[in-house]
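A closer look at the structure
If you want the building blocks of each chain, they are given just below.
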Amino acid sequence: MYYYRYENAEVSCCYKYLMFSYNIIFWLAGVAFIAAGFWAWSEKGVLLDLTQVTRLHGFDPVWLVLAVGGITFILGFAGCVGALRENICLLKFFSGVIGFIFILELTAAVLAVVFQSQVRQWINDFFLANIKAYRDDIDLQNLIDSLQRMNHCCGAQEPNDWDLNIYFSCNDTHRSRERCGVPFSCCITDPADSVVNTQCGYDVRNKPKRDWTEHIFTKGCIPALEDWLPGNLYTVAIVFIVISLLQMVGIYLARTLISDILKVKFNY
């Protein structure tokens, strides 16, 4: 009597649904980012007048939100559909893009260490350009205010950097009430104050420099960042390692699923 053994190779359900679950989270996150970005633009009236996008002179944070959301949405969609439909092309696209992003992150980290002075100068110039555009966009304004409040800093290198902004400039020809002042986010506030005094920075730069420390933060945000980094290197490293591990898990799941699909096709 002869016995026949039938081996029906199947794609691992474990890897398949792990890959789907991994990507559905990113896909939903991408949807949320895109929705938040368009909501922010609708609040500013950009959707009613798209030419506003080209008129902004500084950095619009909404662009970053939409870019992150778009990339996350596309990758999440490719991973989900690729896993459910066992589509090798989509899975290769997913793992390839994730790998490319990982290489970009490593390259950026290495370049930031090797070219520290150039990176510092670029960040400084970027900050000064956005100080000029502070009043052009409400999201940019909120971003700078949050940065200055959280880091107890004012301007890029010093409070006088706000002279670049036409509203805060000490230029004699200019009659703004904010002339020779700084934004309220530069002010030293009493934690007990429940109401924010948005006029606390008015005329402060008309006073002698020795008196500034009583009213505003005098350290620039770039030096504040340089002081913050050495004491938080472990935190930065842990964040980078966690992001890298998540990317590696995604690539591993995709490549393993591709291998299983190829085995099934080869056996049939």
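Residues numbered from 1 in each chain as written. Predicted model: local features only at pLDDT ≥ 70, side-chain atom pairs only at ≥ 80, totals over all residues. Heavy atoms only, no water.

Take the UniProt feature "transmembrane region" (unreviewed entry) in the protein next. As annotated by UniProt and renumbered to match this structure, "transmembrane region" (unreviewed entry) occupies residues 20–41, 61–81, 93–115 and 233–254. Along residues 20–41 the backbone is 100% helical and 0% strand, and the end-to-end C-alpha distance reaches 31 Å. (UniProt positions renumbered as here; feature names shortened; annotations may be inferred. Helix = DSSP H or I, 4+ residues; strand = E, 2+ residues; numbered from the N terminus.)

Within the secondary structure layout, Gly69 lies in helix H3 (residues 61–85). Given the relative accessible area of 0%, Gly69 is considered buried. Between the alpha carbons of Gly69 and Ala29 there is a distance of 7.2 Å; along the sequence they are 40 residues apart. (Buried < 20%, exposed > 50% of the residue type's maximum accessible area, 1.4 Å probe, protein only.)

Take a nonpolar patch on the surface next. Among the surface-exposed residues, Ile25, Phe26, Tyr234, Ile238, Val242 and Leu246 lie close enough to one another that they form a single nonpolar patch of about 650 Å² accessible area. Looking at the nonpolar patch, the elements that each hand over two or more residues are helix H1 (13–44) and helix H8 (233–267). When residues in the nonpolar patch are grouped by element, the largest group, 4 residues, is from H8. Along the polypeptide, Ile25 turns up in helix H1. (Patch = residues over 30% accessible without salt bridge, like charges linked within 9 Å, V, L, I, M, F, W, Y side chains within 5 Å. Areas by Shrake-Rupley, 256 points an atom, 1.4 Å probe, with all protein chains shown as cover. Salt bridge = Lys/Arg side-chain N within 4 Å of Asp/Glu carboxyl O.)

Across the protein, pLDDT averages 85, with 90% of residues at or above 70. Within the protein, the element-level pLDDT minimum falls on helix H2 (residues 52–55), averaging 51, and the maximum on helix H4 (residues 88–114), averaging 92. Every residue in residues 1–6 scores below 50 in pLDDT, and together they form 0 contacts with partners more than four places removed in sequence or on other chains. (pLDDT = per-residue confidence, 0-100. Contact = heavy atoms within 4.5 Å.)

Given a rise of 1.5 Å per residue, 27 residues ought to cover 39 Å, and the 39 Å separating the end C-alpha atoms of H4 matches this to within 8%. When H4 is considered as a whole, its buried residues turn out to be Ile88, Leu91, Phe94, Ser95, Ile98, Gly99 and Phe102. Between the side-chain oxygen of the N-cap and the backbone nitrogen of Cys89 there are 3.0 Å, and the N-cap of H4 in question is Asn87. (Expected span 1.5 Å × (residues − 1). Polar contact = N/O pair within 3.5 Å; in protein donor to acceptor, adjacent residues only side chain to side chain.)

Further remarks concern the state of the cysteines. Under the criterion given, the structure shown has 4 disulfides. Two residues, Cys154 and Cys186, share a disulfide whose sulfurs are 2.1 Å apart. The chirality of the disulfide connecting Cys154 with Cys186 is right-handed, given an S-S dihedral of about 85 degrees. Taken as a pair, Cys154 in the loop between helix H6 (138–151) and helix H7 (221–231) and Cys186 in the loop between H6 and H7 lie far apart in primary sequence, 32 residues in all. Since its relative accessible area comes to 0%, Cys186 is described here as buried. (Disulfide = S-S within 2.5 Å.)

With 21 residues, the main nonpolar core has Trp162, Val182, Cys186 and Ile216 as its most contacted residues. Of all the secondary-structure elements, those providing two or more residues to this core are helix H5 (116–132), H6 and H7. Discounting chain neighbours no more than four positions away, the residues touching Cys186 are Gln148, Cys153, Cys154, Trp162, His215, Ile216 and Phe217. Counting 16 residues, the second largest nonpolar core, distinct from the first, contains Ala83, Leu91, Ile251 and Leu257. (Core = buried A, V, L, I, M, F, W, Y, C linked by side-chain atoms within 4.5 Å.)

On to the side chain of Asp260. Tracing the backbone shows Asp260 in helix H8. Comment: no salt bridge for buried Asp260; closest opposite-charge side chain is Lys263, at 4.6 Å. (Lys, Arg positive; Asp, Glu negative; His and termini not counted.)

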